Amino acid sequence: MKQALIHRLKGRGKGVRLALPFDDIMEFAIALLTVGPEDLEALGWTFADRKRFLDHFLASGRAAQGVAPEHLGQKSIEIVVPRKDLDRLHRFAVRELPKAASNAAMLDRVIRALDQAAQRQDAGKR
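Residues numbered from 1 in each chain as written. Predicted model: local features only at pLDDT ≥ 70, side-chain atom pairs only at ≥ 80, totals over all residues. Heavy atoms only, no water.

(A) Broad picture of the overall build of the protein chain. Within the protein chain one finds nine helices and two strands. Secondary structure elements of the protein chain occur, N-terminal to C-terminal, as α-β-α-α-α-α-α-β-α-α-α. Each of the 126 residues in the protein chain was classed as buried or not, and the buried ones make up 36%. Sequence separation of at least 24 residues holds for 78% of the intrachain contacts in the protein chain that already meet a minimum separation of 6. Accessible surface for the protein chain amounts to roughly 7,900 Å². Of this, 54% is attributable to carbon and sulfur atoms. (Helix = DSSP H or I, 4+ residues; strand = E, 2+ residues; numbered from the N terminus. Buried < 20%, exposed > 50% of the residue type's maximum accessible area, 1.4 Å probe, protein only. Contact = heavy atoms within 4.5 Å. Areas by Shrake-Rupley, 256 points an atom, 1.4 Å probe, with all protein chains shown as cover.)

(B) Quick peek at the side chain of Arg50. Examined against the element boundaries, Arg50 turns out to sit in helix 4 (residues 47-58). No salt bridge is formed by the buried Arg50; the nearest opposite charge belongs to Asp39, separated by 8.5 Å. A polar side-chain atom of Arg50 sits 2.5 Å from the main-chain carbonyl oxygen of Val35. Residues within four places of Arg50 in sequence aside, it is in contact with Leu32, Leu33, Val35 and Leu40. (Lys, Arg positive; Asp, Glu negative; His and termini not counted. Salt bridge = Lys/Arg side-chain N within 4 Å of Asp/Glu carboxyl O. Polar contact = N/O pair within 3.5 Å; in protein donor to acceptor, adjacent residues only side chain to side chain.)

(C) Quick peek at the side chain of Arg88. Inspection of the secondary structure assignment puts Arg88 in helix 7 (residues 83-95). Dropping the residues within four chain positions of it, Arg88 is found in contact with Gly44, Trp45, Asp49, Arg52 and Phe53.

(D) Looking closely at the pattern of salt bridges. In total, this model carries eight salt bridges according to the counting rule given. For Arg88, the salt bridge goes to Asp49, with nearest N and O atoms at 3.2 Å. You can see Arg88 sitting in helix 7 and its partner Asp49 sitting in helix 4, a full 39 residues away along the chain. An identical accessibility class is assigned to Arg88 and Asp49; each is buried. Notably, a salt bridge pairs Asp85 with Arg52, separated by 2.9 Å at the nearest N-O pair. You can see Asp85 sitting in helix 7 and its partner Arg52 sitting in helix 4, a full 33 residues away along the chain. On the accessibility criterion, Arg52 (25% relative accessible area) is partly exposed. Members of the salt-bridge network, linked through shared partners, are Asp49, Arg52, Asp85 and Arg88.

(E) Inspection of the packing of helix 2 (residues 22-33) against helix 7 at higher detail. With their axes 12 Å apart at the nearest point, helix 2 and helix 7 run at an angle of 85° to one another. If you check the angle between helix 2 and helix 7, you find them roughly perpendicular. Along its contact with helix 2, which presents Phe28, Ala31 and Leu32, the element helix 7 presents Leu89, Phe92 and Ala93. Looking at the contact of helix 2 with helix 7 residue by residue, the class counts come to six nonpolar, no polar and no charged. (Axes fitted to C-alpha atoms, helices over the stretch in contact; angles between N-to-C directions. Parallel < 35°, antiparallel > 145°, perpendicular 65-115°, else oblique. Nonpolar A, V, L, I, M, F, W, Y, C, P; charged D, E, K, R; others polar.)

(F) Representation of the pairing of strand 2 (residues 76-82) within the structure. Of the two faces of strand 2, only one is covered, namely that formed by Ile77, Ile79 and Val81; the face formed by Ser76, Glu78, Val80 and Pro82 stays uncovered. Sheet topology places strand 1 (residues 15-21) next to strand 2; seven bridges connect them, and they run antiparallel. In the strand pairing of strand 2, Ala19 is matched with Glu78. (Pairing = 2+ DSSP bridges.)

(G) Spotlight on helix 4. Here helix 4 spans 16 Å end to end across 12 residues, near enough to the 16 Å set by a 1.5 Å rise per residue. Listing the buried residues of helix 4 in full gives Asp49, Arg50, Phe53, Leu54, His56 and Phe57. For helix 4, the angular spread of buried residues about the axis comes to 150°, placing them on one side. In helix 4, those exposed residues whose orientation departs by more than 90 degrees from the buried face are Phe47, Ala48 and Lys51. Structurally, helix 4 contributes buried residues whose contacts are with helix 2, helix 3 (37-43), helix 5 (60-64), strand 2 and helix 7. (Expected span 1.5 Å × (residues − 1). Arc of directions from axis to C-beta.)

What follows is the structure, encoded as structure tokens:
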């Protein structure tokens, strides 16, 4: 228990913020769920990796609480993704998300948000 807490505290401040409409976040999460074992292996992921990525996106539900349902879909929600996961999510968005995305505009918004987060991350390293 103690080590888990220490690990979590060390990991704080190493996240990158992504702002996306709630509908895009949920569609991305659903696409993560559709990845089969072969595709996971091709991405170099384990089931635990996928669960961790899903947890990032599902955390957006806390930020969405209290928003009227008719406004929720397009409400911009900010989530924090650990820097180490940003490249892997970007690779997934480029490689697998087009197979599952319901519209090209969602795909463009997600890739743009990931690109912007990567640029902020790179600028923060300097």
